Number of protein chains: 2
Amino acid sequence: MMISLPTRFEAYGAVKIFELARVLELDSLGVTTKLSGTYTVSYEVLEEYAASTAIVVPVKDEDIIALEGVLRAIPHASPIILVSASRSSPVDVYSREVELARTIHSVTGREILVIHQRDPAWAEVLAGTPLEAMLEDGMVRRGKGEGMVLGVIAAAGIGARYVGFIDSDNYVPGAANEYSKIYYLGFSLSESPYTMVRIVWHYKGKLASSDMYLRKRGRVSMHTNNVLNYALSRLRKVETDIIRTANSGEHAMSIELALRLRWAGGFAVEPYELVQLLEDCFLGVDEGRCSFLPDGVNIFQIEARNPHIHAERGDEHIAGMLAESLGTVYHSRLGADETVKERIHSLLRDYKYEGEPPRPRVYSLEGVDPSKLFSALLAESTMTHYFK
Amino acid sequence: MMISLPTRFEAYGAVKIFELARVLELDSLGVTTKLSGTYTVSYEVLEEYAASTAIVVPVKDEDIIALEGVLRAIPHASPIILVSASRSSPVDVYSREVELARTIHSVTGREILVIHQRDPAWAEVLAGTPLEAMLEDGMVRRGKGEGMVLGVIAAAGIGARYVGFIDSDNYVPGAANEYSKIYYLGFSLSESPYTMVRIVWHYKGKLASSDMYLRKRGRVSMHTNNVLNYALSRLRKVETDIIRTANSGEHAMSIELALRLRWAGGFAVEPYELVQLLEDCFLGVDEGRCSFLPDGVNIFQIEARNPHIHAERGDEHIAGMLAESLGTVYHSRLGADETVKERIHSLLRDYKYEGEPPRPRVYSLEGVDPSKLFSALLAESTMTHYFK
């Protein structure tokens, strides 16, 4: 892969946010001389980063064809962690996912770990730890953020140095392959141990919508990017549109960063990553709130070339997702400015959402020993399958 | 890339047609031990085949976004030959394509040759050669097959050992990347200098159709595969369904094979490749008609993982395309059997096509010196652009 070299960045305290870089060539096979302004790495370096990156694939009752394409697209060297929230009855979707992982492993030899978000073993393992807050009625809560936290624990548990997230509702396997390589390149660019790589979709589309139309971005991201940029512009007194990836489900980070982050539940998870970094390491850096000093955090934003085509789901409630997303800003120091709050209210009213957006539920991994939790899970769980 | 090892084949005289193989992993980055039944190659081998394969991309007034994605997806090491039949007025689509190629070359350094099918220089160059038959009114005829012949001449002219075709009307760049790698792997599998690799789409879909629906294959291919398999079954007295790729636009071959093939014009080009090989090297092998002895021809058929998503075009006439396609069988020794002819008539009647399907217009490269033609083109043409 060859990308445009990310050079310009804006610095907010200890947080460096790089301007959008783009994929110039999906495949740099055979590149011998690098032209100025481009960035690529050798096969050996790519392999090294691939082998140290666990790819977490959250899945919930997804079309098995889309999931299979994603699993077959992630480079062989990266261990896959499938975090399922799929049902077991009346149709046992979860056991089909386990079978798929087993088959792929047995034919290709690739490493796949399958865990279930609602596995009762998690309750035993998490009880008494700071993550007990994720439990409800003896199980880990449903929610995307909660599943991602389990993925981070597992990634650290199997010894990965990096963790990347790739959604399973993607009908373009080539996109999943591209996202993985973007993560590897982004990691290799960073000079800080605290690195995050966030992907911008080139286009997205929905299958079986009334007509297929490739959108540049989703409405939730558009509004959240807008609000975050507005809040930053107000604080700096200089207008900015640096943030392009507020809701990027496709993103990745170093394990050191993942374990020091606080994680939000549900759909607040991705914007909250940015909000807390800006709260702690920009607004709160002088109060000693930033855990990422002296190196600071590098955030790369890279636009993929493949379209992201996913299935139309009946259970998407734009207003609710938008409120969860904007709630992260609203209840933060970035939202202390009344004009920011007013803009959030005004956006939400367009979606018939009245009142305050919800405050994100937040989980901290501080004081958690992921290797210990993961070993305990392997010992306790009957639902976990580790094919390696 | 890791594919299932193609092992079973059917032999028709000097033609070996392999059963469908499948892509198991898009990216074998990091594979160290190969499991039985799988096939992959090292990075070095992949690079070697990539560098010796020219990828011909035929384009005709295509959405520039789709074309750009395809150009950026083909591995860097493979020279690209863009064969344009796009208009120059009222909008100058061709000069936009040249600009795109120039920009990609100047940023990434990759090799791109751009030629135009209707370039008057071709007439000067081809006059007096066996390919004069391609000319009409002082220009190369319009038609897909004719453009592909020019691509083969150019590929041989720049010294490529292999030539692969990838359509430009593809909204999934990852698919173009995958096709290229399938070609490299197929070439590396073959023990004959006469090798062909034909791709089966996993799914195809159309953009902006009334609703997006991923089809397993197009109607033209379905019927042509069916007729070819029926003809072979009648000849062998054993039923077969070996042929899965009668109309595969996505296919590739060694230059030795390409220069010894006869090429059909228009939409007949892909099925005619198979038909003539079966006529000459199966039915006609004892009469000395096969030019590929003693090695014989190896045809690999490999199913890609990415969907093929293209734009809905107003100018697709299924009945006409089907007739051109089935005409290759009808007018061959495979169609000598009256029941085969009857099946073709019956299929065509379902599409309101009455009468005999057209006989393919056929061009032979025998006695043509492609390097000489290509040098003459470079010297004569003002429309050719070679960015390297």
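Relevant structure appears above.
The following paragraphs examine the structure supplied in this document. Predicted model only: the values in this text are computed from it and were never measured.

This part is about the overall build of chain A. A tally of regular secondary structure across chain A gives twelve helices and 19 strands. For chain A, whose C-alpha radius of gyration is 20 Å, the value lies close to the compact-globule estimate of 21 Å for 388 residues. For chain A, the C-alpha atoms occupy an extent of roughly 55 × 55 × 50 Å along the three principal directions. Across the 388 residues of chain A, 64% fall into the buried class. Taking the contacts inside chain A whose residues are at least 6 apart along the sequence as the reference set, 77% of them involve residues at least 24 apart. Taken together, the 41 basic and 51 acidic charged side chains of chain A have centroids lying 4 Å from each other.

Here we come to the interface of chain A and chain B. Across the contact, 50 residues belong to chain A and 50 residues belong to chain B. With both chains or domains summed, chain A and chain B bury close to 4000 Å², and 63% of this area falls on carbon and sulfur atoms. Where chain A touches chain B, the interface holds six salt bridges. For Lys181 of chain B, the salt bridge goes to Asp27 of chain A, with nearest N and O atoms at 3.2 Å.

Our focus in this paragraph is the relation of the copies chain A and chain B. Here chain A sits on chain B after a turn of 180° about the axis and a move of 0.0 Å along it, with an RMSD of 0.0 Å. What the superposition gives is, in effect, a two-fold axis relating one chain to the other. The rotation axis passes nearest to the C-alpha of Gly174 of chain A in chain A, at a distance of 2.1 Å. A high fraction, 100%, of the interface residues of chain A reappear at the interface in chain B, so the copies pair face to face through one surface.

Residue and element names in this part refer to chain A. Scanning the model with the defined rule gives 17 aromatic pairs over all chains in all. An angle of 80° between the planes, with centres 6.3 Å apart, marks the rings of Phe374 and Tyr386 as edge-to-face. Here Phe374 is found in helix 12 (residues 370-380), whereas its partner Tyr386 is found in strand 19 (residues 385-387), with twelve residues between them in sequence. For Phe374, a relative accessible area of 4% gives the class buried.

Residue and element names in this part refer to chain A. One way to put it is that helix 1 (residues 43-51) packs onto helix 6 (residues 173-189) with a least axis distance of 9 Å and a crossing angle of 100°. With respect to their mutual orientation, helix 1 and helix 6 come out roughly perpendicular. Together, Val45, Leu46, Tyr49 and Ala50 of helix 1 and Tyr184, Leu185, Phe187 and Ser188 of helix 6 make up the contact between the two elements. Considering only residue class, the contact of helix 1 with helix 6 consists of seven nonpolar, one polar and no charged.

A general trend in soluble globular proteins is that nonpolar side chains are found buried together. Core analysis: the largest hydrophobic core is formed by 111 residues, its most contacted members being Tyr183 of chain A together with Val57 and Tyr183 of chain B. Look past the residues within four positions of Val57 of chain B in its chain and what remains in contact with it is Leu67, Val70, Leu71, Ile74, Ile80, Ile81, Leu82, Val83, Ile166 and Ser168 of chain B.

All names here are of chain A. Considering all chains together, one arrives at two disulfides over all chains under this definition. Each disulfide pairs two cysteine sulfurs, and for Cys281 the partner residue is Cys290, the sulfurs being separated by 2.1 Å. In this structure, the disulfide formed by Cys281 and Cys290 twists by about 85° around the S-S bond and is classed as right-handed.

What follows is about the pattern of salt bridges. All names here are of chain A. Considering all chains together, one arrives at 38 salt bridges over all chains under this definition. Arg262 is paired through a salt bridge with Asp280; the nearest N and O atoms lie 3.0 Å apart. In this pair, Arg262 sits in strand 15 (residues 262-264) while Asp280 sits in helix 9 (residues 269-283), placing the two residues 18 residues apart along the sequence. Judged by relative accessible area, Arg262 falls into the partly exposed class, the value being 25%.

This paragraph deals with empty space enclosed by the protein. Under the counting rule described, the total for this entry stands at two cavities of 30 Å³ or more. Here the largest cavity is characterised by a volume of approximately 110 Å³. Lining the largest cavity we find 13 residues, and of these Gly174 and Asn177 of chain A together with Leu26, Gly174 and Asn177 of chain B sit closest to its centre. Looking at the lining of the largest cavity, its residues break down into four nonpolar, five polar and four charged. Approximately 80 Å³ is the volume found for the second largest cavity. Around the second largest cavity, the lining is made up of eleven residues, and of these Ile65, Tyr171 and Pro173 of chain A together with His202 and Arg305 of chain B lie nearest the centre. Of the residues assigned to the lining of the second largest cavity, the class counts are seven nonpolar, three polar and one charged.

What counts, and where the lines are drawn
- Residues numbered from 1 in each chain as written.
- Chains lettered and ligands numbered in written order.
- Predicted model: local features only at pLDDT ≥ 70, side-chain atom pairs only at ≥ 80, totals over all residues.
- Heavy atoms only, no water.
- Helix = DSSP H or I, 4+ residues; strand = E, 2+ residues; numbered from the N terminus.
- Rg over C-alpha atoms; globule rule 2.2 N^0.38 Å.
- Buried < 20%, exposed > 50% of the residue type's maximum accessible area, 1.4 Å probe, protein only.
- Contact = heavy atoms within 4.5 Å.
- Lys, Arg positive; Asp, Glu negative; His and termini not counted.
- Charge placed at Lys NZ, Arg CZ, Asp CG, Glu CD.
- Buried area = accessible area lost by both parts, 1.4 Å probe.
- Salt bridge = Lys/Arg side-chain N within 4 Å of Asp/Glu carboxyl O.
- Least-squares fit on C-alpha atoms with pLDDT ≥ 70 in both.
- Phe/Tyr/Trp six-rings, centres within 6.5 Å; stacked < 30°, edge-to-face > 60°.
- Axes fitted to C-alpha atoms, helices over the stretch in contact; angles between N-to-C directions.
- Parallel < 35°, antiparallel > 145°, perpendicular 65-115°, else oblique.
- Nonpolar A, V, L, I, M, F, W, Y, C, P; charged D, E, K, R; others polar.
- Core = buried A, V, L, I, M, F, W, Y, C linked by side-chain atoms within 4.5 Å.
- Disulfide = S-S within 2.5 Å.
- 1 Å grid on protein atoms, 1.4 Å probe; cavity = no way out; pocket = protein on both sides within 12 Å on 5 of 7 lines; lining within 4 Å.
- Points joined across faces, edges and corners; volume = space filled by probe spheres on them.

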